[in-house]
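Descriptive structure summary
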Amino acid sequence: MRELKKQQTQRSLWRTAIELFLERGFDNVSVAEIAAAVQVSKKTVFNYYATKEDLVLSPMEAHVDDAARIVRERAPGETAVAALRRHFLAMLAERDASTGLNDTPEVLSVMRLIQSTPALQVRAFAFHRHAQELLERELAAQSGRDDVTARVAAAQIIYTRAALVTENLRRLFAGEPADAVHPDASADAERAFDLLEKGLGDYCGGP
């Protein structure tokens, strides 16, 4: 019961914060106001969320290890890129928010909030950097080579996925439904992961 109560409080804080941020703007709402709305102390808020930005980005932070975990847990004989491709396509099919292809009003509102708030954009960038570092370590461990190759590969993988998410969100923000975007999103992902597998090669080469 105690754990359930903690989960309920954490969820209530997150929902209340999002509602206030969307109504008045992230910079115009204090942590004290969020605490008062949920009828808890400011200290209680910080027991659940270390920073004000975490009140928005905590769901994203929970997935920071996803790419590294997928590589670590891939099937025997499966390449890292193949495993990441498989996972991303599966998440697209499920309209998972991590792919940018979830058009539920709550998710889109949070994504718009992030993109329109500099402090949240900075924190989101830090998330991608951390994800890249975790993936780099995993790739280095798997390959047995802790050199620039792991860093380059991790950067390519993380920011390829980020580019796909950004394109999906762009179309959803323009009003297209996720189901209509899905075929193109899958095709875009296939092409992007092909580039990861084969290298840029003659991309932007001569005629």
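Up top is the structure.
Residues numbered from 1 in each chain as written. Predicted model: local features only at pLDDT ≥ 70, side-chain atom pairs only at ≥ 80, totals over all residues. Heavy atoms only, no water.

**Focus on the overall build of the chain**
Definition in use: By the criteria applied, helices consist of DSSP H or I runs no shorter than four residues and strands consist of E runs no shorter than two, each listed in order from the N terminus. The classification of residues rests on relative accessible area computed with a 1.4 Å probe and restricted to protein chains. Under 20% of the type maximum is buried, over 50% is exposed, and intermediate values are partly exposed. Residue contacts follow a heavy-atom distance rule, with two residues in contact if any of their heavy atoms lie within 4.5 Å.
A tally of regular secondary structure across the chain gives 10 helices and 0 strands. Beginning at the N terminus, the succession of helices and strands in the chain can be written as α-α-α-α-α-α-α-α-α-α. Dimensions along the principal axes, computed over C-alpha positions, put the chain at roughly 60 × 40 × 30 Å. Relative to its full complement of 207 residues, the chain shows a buried share of 38%. Counted over contacts in the chain with a minimum sequence separation of 6, partners at least 24 positions apart contribute 67%.

**Examining the packing of helix α8 (residues 118–143) against helix α9 (residues 148–173)**
Using the following cut-off: Angles here are taken between N-to-C directions and fall from 0 to 180 degrees, while the axes themselves are lines fitted to C-alpha atoms, restricted in helices to the stretch in contact. Relative orientations are named as follows: roughly parallel for angles under 35 degrees, roughly antiparallel for angles over 145 degrees, roughly perpendicular for angles from 65 to 115 degrees, and oblique for any other angle. Two helices that cross are described as forming a left-handed crossing if the nearer one is turned anticlockwise from the farther one by less than a right angle, and a right-handed crossing if clockwise. Nonpolar residues are Ala, Val, Leu, Ile, Met, Phe, Trp, Tyr, Cys and Pro. Charged residues are Asp, Glu, Lys and Arg, and all others, Gly as well, are polar.
At a closest axis distance of 8 Å, the pairing of α8 and α9 adopts a crossing angle of 135°. For the element pair α8 / α9, the angle class is oblique. Every pair of crossing elements has a handedness; the one defined by α8 and α9 is right-handed. On α9, the residues that touch F125, H128, R129, A131, Q132, L135, E136, L139 and A140 of α8 are A150, R151, A153, A154, A155, I157, I158, Y159 and A162. Partitioning the contact of α8 with α9 into residue classes produces 13 nonpolar, 2 polar and 3 charged.

**Here's the deal with the environment of T166**
Structurally, T166 is set in helix α9. Its relative accessible area of 47% is what places T166 among the partly exposed residues. Separated by 30 residues in sequence, T166 and E136 have C-alpha atoms that sit 22 Å apart.

**Focus: the nonpolar core**
The condition that has to hold: Nonpolar core, defined: a set of buried Ala, Val, Leu, Ile, Met, Phe, Trp, Tyr and Cys residues in which side-chain atoms within 4.5 Å join the residues together.
Core analysis: the biggest nonpolar cluster contains 34 residues, and L84, F88, L101, L135, L139 and F193 have the highest contact counts within it. Counting residues per element, this core draws most heavily on α9, which supplies 8 residues. In contact with L139, not counting residues within four places along its chain, are V71, A80, A150, A153, A154 and I157. If you look at the next biggest cluster of nonpolar residues, it comprises 22 residues, including I18, F21, V110 and L120.

**Structural notes on the environment of A17**
Residue position: A17 is located in helix α1 (residues 2–24). Residue A17 is classed as buried on the basis of its relative accessible area of 0%. Discounting residues that sit within four places of it in the chain, A17 has contacts with I34 and L55.

**Let's talk about the packing of aromatic side chains**
Aromatic ring pairs are described here by two measures, namely the spacing of the ring centres and the angle between the planes. Where we set the bar: Only rings of Phe, Tyr and Trp enter the pairing, Trp through its six-membered ring, and a pair is recorded when the two centres are within 6.5 Å. The plane angle decides the type: under 30 degrees is stacked, over 60 is edge-to-face, the rest tilted. Sitting over a ring, as applied to charges here, requires NZ of Lys or CZ of Arg to be within 6 Å of the ring centre and within 35 degrees of the ring normal.
A complete count under the given rule lists 2 aromatic pairs for this structure. Pairing F21 with F26 gives two aromatic rings, centres 4.8 Å apart and planes at 55°, and the pair type is tilted. The class for F26 is buried, based on a relative accessible area of 4%. Pairing F88 with F193 gives two aromatic rings, centres 6.1 Å apart and planes at 50°, and the pair type is tilted. Within this pair, whereas F88 is found in helix α6 (residues 80–93), its partner F193 is found in helix α10 (residues 178–198), the two being separated by 105 residues in sequence. For the pair formed by F88 and F193, the shared burial category is buried. The cationic tip of K52 hangs over the ring face of F26; the distance from NZ or CZ to the ring centre is 4.5 Å.

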